[in-house]
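# Residue-level structure breakdown
Each chain is listed here by its residues.
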Amino acid sequence: MSTTTITHDEEHHDHPTGIMRWLTTTNHKDIGTMYLTFSLIMFLVGGAMVLGIRAELFQPGLQLMKPEFYNQLIGVHALIMIFSALMPAATGFANWMIPLQIGAPDMALPRLNNWGFWLLPPSAILLTLPFTLALFGIGDGAIATGWTFYPPLSVQGGIGVDFAIFAVHLLGISSVMGSINIIVTLFNMRAPGMTLMKMPMFAWGWLITAFLLVATIPVLAGAVTMLLTDRHFGTHFFSAAGGGDPIMFQHLFWFFGHPEVYILLLPVWGFIPQILQTFSRKPMYGYKAQVYSLWAIGALSVVVWAHHFFTAGMPVPALLYFMYSTMAISLPLAVLFFCWIKTMWRGSMTFETPMLFAVGWIILFGIGGLTGLVLADVAADAQYHNSYFVVAHFHYTLFAGGIMGIMAGVYYWLPKMTGHMYNEKLGKVHFWLTAIAFNMTFIPQFFLGLAGMPRRIPDYAIQFTEFNEISTIAAFALGFSQLLFVYNIVMCVKGGKKATDKVWEGAVGLEWTLSSPPPYHSFTEQPTVN
Amino acid sequence: MAILITDFKITVMPNNSLSVKNTIRLVMGLAVMSMLVGIGFALAGAWMVLPFAGLEIVAIAYAFYIIHLHSADFESITILDDDVIIETNGYKYSSVEKFQRYWARVSVRKQADGKEALFIGSHGKEVEFGRRFINDEQRILLASQLKQKLNKSY
């Protein structure tokens, strides 16, 4: 008797059209597309906010806005970029690519996937609504504490803080839903023959990300809930006057906040090596070393949180512990850099747009990492803390390391997703404009920080004017150059040269065995990995 | 050369790459990780972290439980010398239908919701096959294969 296993479970057999397709869809590619579209829209919203911030900083003195509104822009810009732009972009790729890469027809829990996405738009509304309400005289605007919610400012703040707390709860629930789905999918739905150590690096990056989210989201949820009860229910978790401890909030927030950096970066560290090997036409160097390094970084990321507030005051042994443990992250990260460079070494390299972004990403993210080492030094941090040096550092990590990495992924997978090639020339122009404008925006901010310019203040001493002018002009160039990115994506979705199934000559992986675009149901016949 | 198919079976079922034992290990591992964090912060005074950690673990365990409940689901068609046996097995139901092979007919019909459905039956009685695990394309392909198998034997 012969037995044939045909395919995996499918939650959906038909696919509705029109608006219902998008509202009710449980298809991983539809949900991935929604995440990516939402991310792009919020990236533009968050970007528009920062142009307001930079316009204010073009000249010393208060030019365009009140300090309160400036601080609201700072806080909401950060929250939007982190939670509504970068995280959904990574989740969008996960939805699109993980089932394709592991040979599954869909995510393990498709309805959960749909719910996870539809929590995001309400959270974005909650974050931005207080701006509109303030125009009608309701409340005093959005959250003005920065994205860190530090008490006592957040306990005393207006309704914007409450809106942000509920937004964070929704975002947290969405993240946990996504994490559960990814963990279950990766462990339970891999194609026969695909052992864990044969998983694509992107899947590894996301698996560790999902573990980090599971470990840290409850801490953030608990912290903002305690903040809410301090604000409205008479508790004193973070009120020194009532016996509480405001520094406790900083511990709670950064226990989530530092791994959050890696939550944003690990998926990118997953697909960048895949891009490098594709355009170097060589096998990925040090697969196992990279997997172990990702795990090491993930593990270290949850034990180093207090380096974000060295200056808040803590015992010397604690300072030393957090300094050395933070510096220890550079070891596995150095292994990753070595593997990325060795993958390219003596390869038959070509520099299509995804490769340009990937190589540029290595250099710029490297600067972000190295300046992080400077800040990890307790003695040096005392000078640089809360200065523009920190602003420049985390933009090298999160814009270059996060967003430019995501852009590399977009150009790499867009032909597979849409079935059309994007405009290569426009892509390259976009890369060079982004790379040059980004450096011109943030290199001056390193110097401003070293010279002592504090962050989160709309005014500054006159000696900082020139660097701020350069930074502002470049920020506008950086912002407007992203319109090329949007235009290129839209034109690619609408049409263009037909993409082949493999798209890139050196592409490796199961996703490239499917048609471009892939069929509505991925892998109707289960692939086997040798 | 005559071809005589004496027995033939098609089984459709989900692929489960994680064993029950490893599922338990994984959920326990996640629970320990989350609880360590929750209890640690609770001891430091931030007890509100703990209920969120607990809720999260319940959600994770439930997700794996749902997957486990469906892990043994399958549908199968067995073609014997004289019979065609359709088996359906889910965690809430299971059924076995038997048809005379000579009289068994295979058909694919479009349903009101637009999807195709594959039916096997005879004498006015029909069973739908592959409703849960396969898509339209596969149903049509499977139907033609089944028709061939049923016809070739006589």
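Note that this is a predicted model, so its numbers are computed, not measured.

Calculation notes
Residues numbered from 1 in each chain as written. Chains lettered and ligands numbered in written order. Predicted model: local features only at pLDDT ≥ 70, side-chain atom pairs only at ≥ 80, totals over all residues. Helix = DSSP H or I, 4+ residues; strand = E, 2+ residues; numbered from the N terminus. Buried ≥ 20, exposed ≤ 12 C-beta atoms within 10 Å, placed from the backbone. Contact = placed C-beta atoms within 7 Å. Domains from an automatic or database assignment. Axes fitted to C-alpha atoms, helices over the stretch in contact; angles between N-to-C directions. Parallel < 35°, antiparallel > 145°, perpendicular 65-115°, else oblique. Left-handed = near helix turned anticlockwise from the far one by under 90°. Nonpolar A, V, L, I, M, F, W, Y, C, P; charged D, E, K, R; others polar. Core = buried A, V, L, I, M, F, W, Y, C linked by C-beta atoms within 7 Å. Pairing = 2+ DSSP bridges.

### With respect to the overall build of chain B
- The secondary structure content of chain B amounts to three helices and seven strands.
- From first element to last, N terminus to C terminus, chain B shows the α and β order β-α-α-β-β-β-β-β-β-α.
- Here chain B holds 154 residues, and 29% of them are scored as buried.
- Across chain B, contacts joining residues at least 24 apart in sequence account for 45% of those joining residues at least 6 apart.

### Section: the domain arrangement of chain B
- In terms of domains, chain B is made up of domain 1 (20-69) and domain 2 (73-152).
- Computed over C-alpha atoms only, the centres of domain 1 of chain B and domain 2 of chain B are separated by 42 Å.

### Looking at unusual backbone geometry
Residues and elements named next belong to chain A.
- Between P151 and the following residue, P152, the backbone shows a cis peptide bond with an omega angle of 10°.
- Mapped onto the secondary structure, P152 falls in the loop between helix 5 (120-135) and helix 6 (153-156).
- In the segment running from S516 into P517, the intervening peptide bond is cis, with an omega of -5°.
- Relative to the helices and strands, P517 is located in the segment after helix 17 (465-494).
- Phi is positive for N386, close to 60°, though the residue is something other than glycine.
- Secondary-structure assignment places N386 in the loop between helix 14 (378-384) and helix 15 (388-418).

### Some details on the packing of helix 4 (residues 110-118) of chain A against helix 7 (residues 159-188) of chain A
All names here are of chain A.
- Interaxial distance between helix 4 and helix 7 falls to 8 Å at its minimum, and their mutual angle equals 155°. With respect to their mutual orientation, helix 4 and helix 7 come out roughly antiparallel. Between helix 4 and helix 7 the crossing geometry is left-handed. Here L112, N113, W115 and G116 of helix 4 lie close against helix 7, whose contacting residues are S174, M177, G178, I180 and N181.
- Across the contact of helix 4 with helix 7, the residue classes tally to four nonpolar, five polar and no charged.

### Topic: the nonpolar core
- If you look at the biggest cluster of nonpolar residues, it comprises 182 residues, and the most contacted ones within it are L86, L207, I272 and A408 of chain A.
- Grouped together as the second largest cluster of nonpolar side chains are 17 residues, V84, F99, F133 and I134 of chain B included.

### Description of the environment of I272 of chain A
Residue and element names in this part refer to chain A.
- Assignment of secondary structure puts I272 in helix 9 (residues 246-280).
- For the pair formed by I272 and P458, sequence separation is 186 residues and the distance between their alpha carbons is 37 Å.
- Not counting the four nearest positions on each side in its chain, I272 is found in contact with W340, A358, W361, G405 and A408.

### Quick look at the sheet that holds strand 6 (residues 116-122) of chain B
Residues and elements named next belong to chain B.
- The strand order across the open sheet built from three strands is 5-6-7, with neighbouring strands paired in antiparallel fashion. Because the sheet does not close on itself, it has two edges, and the strands there are strand 5 (105-110) and strand 7 (125-129). Between one strand axis and the next, the sheet turns by 35° as a mean value, whatever way the strands run.
- Taken together, the five bridges between strand 6 and strand 7 define a ladder with antiparallel strand orientation. Its bridge partner lying in strand 7, S122 is registered against K125.

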